[in-house]
Amino acid sequence: MIDFELTDEQRLVRETAREFADREIAPRARENDRNEHFDTELVQKIADMGFLGAIVPEEYGGRGVDYRTYGLIVEEIGRGCSAMRTVVSVVTSLVCSSLVRWGSEEQKQEWLPQLCSGEALGCFGLTEPDTGSDAANLKTRAQRIDGGWRISGGKMWISLGNYSKLALVFAQTDPDKQHGGIACFLVPTDSPGFSTQEIHGKLGLKGSDTAELSLDDVEVGDDALMGEVGEGFKIAMSALDSGRYSVAAGCVGICQGSLDASIAYAKERRQFGKPIASFQLVQELISDMVVETDAARGLVWRAGWLKDTDRPNTTETSIAKLYATEAAVRCANAAIQVHGGSGYVDDYPVERYLRDARVTTLYEGTSQIQKLIIARAATGLNAMT
Ligand SMILES: Cc1cc2nc3c(=O)[nH]c(=O)nc-3n(C[C@H](O)[C@H](O)[C@H](O)COP(=O)(O)OP(=O)(O)OC[C@H]3O[C@@H](n4cnc5c(N)ncnc54)[C@H](O)[C@@H]3O)c2cc1C
């Protein structure tokens, strides 16, 4: 039986995250967005709160919280600023959760404490210039050499890539084997032959770092291989199971933020001698946001509960990701409508919410890809082969 009742500890964590997001994150969001500033000082504050790697066991420097609690933290950070929420999602879900699940004891001890404390950031290098949705079709090659591997190729759209000390790099070891040849490597970004380039001109998420990675005959030892050769695709998909949950939870924050801002504005703003909140068409915009926020949160909590109780959850995570990301776009758009002309400039957070929400239906699997996953489970037929 799914139990949506929060424990006292979960309430406390949510309260702490909410207060932190209001005090530290939200006030910096506009300037960081305007200046395309990746705010490393704020990232450190987030780490100091224990919000990076919160699901990592305490013995490796994490907080050891469950997925439902993690979702509450991510929602609050997402309400404050999606650029910072992206940091939490990438480091915690894509990088740390992969290490926890697939890393050797040495790999966990080397990387997890640094990632949880904010001493190091990590990035997730799956996408390539020619390889997006068809993620198994990687062009990056890893070739066996004496005592290790030589990796060559390029990765595209990699969040935190310019600031990370560790890159998870997915590479093909044997093209004939397709999925079965993919491996995941833990590549220190100061390795000779590893370089990065900043990507600018994004619609939103301007306070987040996005990079293109180049690997030019980067040599790593055997100890850089995470899991076995051939397990790389499984590692990537399990990381995305956690990452999609995190994106979805952040989008609940965008929905809630859009709603909160709209209610406050609509009660304050007067037209025709009355607060605009009293007009039925404005009430419709607000009621749609209430319903979408509730529905998105319910789906995220269900996915979190399935994860916490070790039940299969890939489909339910995709359902939560699909719904919450699309709902965030709709809620942010409706919030601009409630704000009228004022919603079109950055005096209020709603235009940033819309620009930031827009990427969430693209990354970690587009909405189309989530639909194919959901329909694959429903029909037993895989449209992605
Ligand atoms: C700001 C930002 C940050 C990112 N961060 C990271 C990161 O940290 N790490 C990382 O590895 N990647 C990252 N990405 C990449 C992201 O995951 C990809 O952009 C995404 O997976 C889509 O791939 P693509 O851009 O190549 O689009 P494509 O795969 O080329 O898709 C283009 C369009 O075709 C549709 N399409 C493709 N295949 C099908 C199909 N079979 N059926 C129906 N429609 C289909 C898609 O849904 C989409 O609408 C990031 C992207 C952005 C923009």
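(A) Highlighting the overall build of the protein. The secondary structure content of the protein amounts to 10 helices and 10 strands. Against the compact-globule benchmark of 21 Å for 385 residues, the protein has a radius of gyration of 21 Å, which places it among compact chains. Principal-axis analysis of the C-alpha atoms gives the protein an extent of 80 × 45 × 40 Å. Split into buried and exposed, the 385 residues of the protein put 56% on the buried side. In the protein, the share of contacts with a sequence separation of at least 24, taken over all contacts with a separation of at least 6, comes to 72%. Positive and negative side-chain charges in the protein, numbering 40 and 56 respectively, have mean positions lying 6 Å apart.

(B) Inspection of helix α10 (residues 367-379) at higher detail. The end-to-end C-alpha separation of α10 is 18 Å, in line with the 18 Å expected for 13 residues at 1.5 Å each. Residues of α10 that are buried: Ser367, Ile369, Gln370 and Ile373. Glycine 380 sits one or two positions beyond α10 and adopts a positive phi of about 80°.

(C) Broad picture of the site of the ligand. As a matter of local geometry, the ligand sits amid 15 residues, with Phe124, Thr127, Ser133, Trp157 and Thr366 nearest to it. Between a nitrogen atom of the ligand and a side-chain N or O atom of threonine 127, the distance comes to 2.7 Å. Here the ligand has 970 Å² of accessible area as a free molecule, and 66% of this is covered by the chains. Elements with a contribution of two residues or more to the shell around the ligand: β3 (148-159) and α10. If you tally residues by element for the shell around the ligand, the top one is β3, at 3 residues. Among the residues making up the shell around the ligand, the classes are represented as 8 nonpolar, 6 polar and 1 charged.

(D) Geometry of unusual backbone geometry. Positive phi values are uncommon outside glycine, yet glutamate 36 reaches one of about 50°. If you trace the backbone, glutamate 36 turns up in the loop between α1 (8-34) and α2 (40-48).

(E) Representation of the packing of helix α4 (residues 82-102) against helix α5 (residues 105-117) within the structure. Between α4 and α5, the shortest axis-to-axis distance is 9 Å and the interhelical angle comes to 155°. As far as their axial angle goes, α5 and α4 are roughly antiparallel. For α4 against α5, the interelement crossing comes out left-handed. Counted together, Val91, Val95, Cys96, Leu99 and Val100 of α4 and Gln107, Lys108, Trp111, Leu112 and Leu115 of α5 form the full contact between these two elements.

(F) Fine view of the environment of alanine 357. When you line up the elements, alanine 357 lands in helix α9 (residues 350-358). On the basis of relative accessible area, alanine 357 is assigned to the buried category, the value being 0%. Taking the C-alpha atoms as reference points, alanine 357 and aspartate 222, 135 residues apart in sequence, are found 40 Å from one another. Not counting chain neighbours up to four residues away, the residues in contact with alanine 357 comprise Ile254, Ala328 and Val329.

(G) Highlighting the packing of aromatic side chains. Within this structure, the stated rule accounts for 10 aromatic pairs. With 5.1 Å between their ring centres and 65° between their planes, phenylalanine 124 and phenylalanine 170 make a pair best called edge-to-face. Taken together, the residues phenylalanine 124 in strand β1 (residues 122-125) and phenylalanine 170 in strand β4 (residues 166-172) connect sequence positions 46 residues apart. Phenylalanine 170 carries the same exposure label as phenylalanine 124, and that label is buried.

(H) The side chain of serine 164, seen in detail. You can see serine 164 is positioned in the loop between β3 and β4. A distance of 2.7 Å separates a polar side-chain atom of serine 164 from the backbone oxygen of leucine 160.

(I) Local environment of the environment of valine 74. Mapped onto the secondary structure, valine 74 falls in helix α3 (residues 67-80). The exposure class assigned to valine 74 is buried, which follows from its relative accessible area of 1%. Placed 23 residues apart in sequence, valine 74 and phenylalanine 51 show a C-alpha to C-alpha distance of 8.4 Å. Apart from the residues within four sequence positions on either side, valine 74 is in contact with Arg85, Val88, Ser246, Ala249 and Gly250.

Cut-offs and rules
- Residues numbered from 1 in each chain as written.
- Predicted model: local features only at pLDDT ≥ 70, side-chain atom pairs only at ≥ 80, totals over all residues.
- Heavy atoms only, no water.
- Helix = DSSP H or I, 4+ residues; strand = E, 2+ residues; numbered from the N terminus.
- Rg over C-alpha atoms; globule rule 2.2 N^0.38 Å.
- Buried < 20%, exposed > 50% of the residue type's maximum accessible area, 1.4 Å probe, protein only.
- Contact = heavy atoms within 4.5 Å.
- Lys, Arg positive; Asp, Glu negative; His and termini not counted.
- Charge placed at Lys NZ, Arg CZ, Asp CG, Glu CD.
- Expected span 1.5 Å × (residues − 1).
- Near = heavy atom within 4 Å.
- Polar contact = N/O pair within 3.5 Å; in protein donor to acceptor, adjacent residues only side chain to side chain.
- Areas by Shrake-Rupley, 256 points an atom, 1.4 Å probe, with all protein chains shown as cover.
- Nonpolar A, V, L, I, M, F, W, Y, C, P; charged D, E, K, R; others polar.
- Axes fitted to C-alpha atoms, helices over the stretch in contact; angles between N-to-C directions.
- Parallel < 35°, antiparallel > 145°, perpendicular 65-115°, else oblique.
- Left-handed = near helix turned anticlockwise from the far one by under 90°.
- Phe/Tyr/Trp six-rings, centres within 6.5 Å; stacked < 30°, edge-to-face > 60°.

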